[in-house]
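Below, each chain spelled out in residue letters.
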Amino acid sequence: NCALPTGVAVLAATPVGNAQLLGARWLGAFAFLFSLGTVVMLTVWVLHLVRGEGPLQPLPYLQMLVLGLAPGLMWCASLAVLSDAWSPLMGKRGDLLYWLLWMLQFAFLPATLGQGAVRLTGWQVFDISGLSPLLVALSQLMDVKHVAVGGSPFDAARPLLHMPAGLWSTELVALRLGSMVLAVLPLVPAALLFHRYAPGAVQLRSPARRSRL
C-alpha cells in the first residue's frame, strides 16, 4: 500500500475518462486566456467612446478577437495541457518547446512579405498566430505593396488612409479556421500519453542522471 496526496487521490478516483478530464482542463485554460483578450477589447471600446473617435463598431473587434486572436490562445492552451500530461515536457522542457514553436511563427513574415507579390497561401494555415495572413490581407485590402511593422519613420504630412470593409475574405476565414483545427491537435497526444499521475507509470530519473545545463 502507498499513501497518495489528497489531490492525486481525488484525481485518480475522478469518474471521467482521460479525454474528458483533459478537455475540461483545456476549456478552463482557453476560457481564462480568452477572458483576458475580451477584457482588453472592452477596454478599447471604453477608450473609443471616451475619446469620441467616431461611432463604435463592435463587429470588427469581435472578428479580430475570434478569428485573429483565438487560434493562438487555443494553441497556447493545447500546449499547456500537453506539457502537463506528459512527464518529459513538465517544467522547463515544456516552456522551451513553446518558446521554439512561438519563434518559428515569425518565420512566416519574411517568407510571405518579402517575396515580391503579396498573396495568401495555404501554407499560412500553419501560422497559428495569424501575423502573416492578417498583414497580407490588410496589404491587399489597402492596395499597398510595402508593409512595415514597427521601426519605420512617421510622416505626419502624408494623408490618412481609409480602411474599407472586407478584410475577412472567405480565403482568410478558411485559413484561420484551419489554424484553429491545428491548434487543438496537441490534445491528441496529450490524451494518449496522460498517465493520470499513476506512480507506476511515471519513470523518474535518478539525480545522477539529471542534466546540469
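Attention here is on the structure that accompanies the text.

The rules behind each value
Residues numbered from 1 in each chain as written. Predicted model: local features only at pLDDT ≥ 70, side-chain atom pairs only at ≥ 80, totals over all residues. Heavy atoms only, no water. Salt bridge = Lys/Arg side-chain N within 4 Å of Asp/Glu carboxyl O. Helix = DSSP H or I, 4+ residues; strand = E, 2+ residues; numbered from the N terminus. Buried < 20%, exposed > 50% of the residue type's maximum accessible area, 1.4 Å probe, protein only. Phe/Tyr/Trp six-rings, centres within 6.5 Å; stacked < 30°, edge-to-face > 60°.

Inspection of every chain in the model, using the stated rule, returns 1 salt bridge. For D84, the salt bridge is made with R25, and the minimal N-O distance between the two is 2.7 Å. Taken as a pair, D84 in helix α3 (residues 58-85) and R25 in helix α2 (residues 18-51) lie far apart in primary sequence, 59 residues in all. By relative accessible area, which is 31% here, D84 ends up partly exposed. On the basis of relative accessibility, which here comes to 27%, the residue R25 falls in the partly exposed class.

Attention shifts here to the packing of aromatic side chains. In the structure shown here, the tally under the stated rule is 4 aromatic pairs. Measuring from centroid to centroid gives 5.3 Å for W26 and F30, while their planes differ by 10 degrees, and the two rings are stacked. Of this pair, W26 and F30 are both found in helix α2, 4 residues apart, which corresponds to roughly one turn of the helix. Overall, F30 belongs to the buried group, its relative accessible area being 17%. An angle of 70 degrees between the planes, with centres 6.2 Å apart, marks the rings of W45 and Y61 as edge-to-face. Of this pair, W45 sits in helix α2 while Y61 sits in helix α3; the two residues are 16 residues apart in sequence, bridging distant segments of the chain. Here the aromatic cluster, defined as three or more aromatic residues joined through ring pairs, consists of W26, F30 and F34.

By themselves, these observations are geometric and do not establish any function.
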